[in-house]
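# What the coordinates show
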Amino acid sequence: VQLQASGGGLVQAGGSLRLSCAASVGTVTSYDMGWLRQAPGKEREFVAAINWSGSRSWYADSVKGRFTISRDNAKKTVFLQLNSLKPEDTAVYYCAARSAWNSLTVFDPRAYGYWGQGTLVTVSS
């Protein structure tokens, strides 16, 4: 599976962005999909995930109520809608795929076996 993330950019605090993650090779239909981020000088952290069918989703406490993850399996694409952005949301955002049989939870970055290249989100105050 090859993943391509896009949609990042520079936005003012309170603004919105929509990130997309497309599978350029293979399919993500049978994978849980996640968005994780890494800010400068910090470890990569979980942001949101959605199960293979789109029936369940999970969010980090820091983004609940502001971010929404969704997927379109027919288009092999996963989305992350970012609303009410804050300067502390500034990071490189990665999409990643997790096999359903993986024993690690969706919250653990180590659970994801396939990663996109990342897209930079910068939120100015």
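So, a few notes on the structure that sits alongside this text. Just so it is clear, the structure is predicted and the values come from calculations on it, not from any experiment.

### Some points on the packing of aromatic side chains
- The full count for this structure, using the stated rule, is 4 aromatic pairs.
- Between the aromatic rings of Y112 and W115, the centroid separation amounts to 6.1 Å while the plane-to-plane angle is 65°, which identifies the pairing as edge-to-face.
- Overall, the relative accessible area of 4% leaves Y112 in the buried class.
- Among the aromatic residues, those joined into a ring-pair cluster are Y94, Y112 and W115.

### Digging into the pairing of strand β5 (residues 45-50)
- For β5, a buried count of 5 out of 6 residues is recorded, marking the element as mostly surrounded by other parts of the structure.
- Across 5 bridges, the pairing between strand β4 (residues 31-38) and β5 is antiparallel. When the sheet's bridge partners are listed, M33 is paired in β5 with I50.
- Of the pairings in the sheet, the one linking β5 to strand β6 (residues 57-59) comprises 3 bridges and is antiparallel in character.

The rules we used
Residues numbered from 1 in each chain as written. Predicted model: local features only at pLDDT ≥ 70, side-chain atom pairs only at ≥ 80, totals over all residues. Heavy atoms only, no water. Phe/Tyr/Trp six-rings, centres within 6.5 Å; stacked < 30°, edge-to-face > 60°. Buried < 20%, exposed > 50% of the residue type's maximum accessible area, 1.4 Å probe, protein only. Helix = DSSP H or I, 4+ residues; strand = E, 2+ residues; numbered from the N terminus. Pairing = 2+ DSSP bridges.

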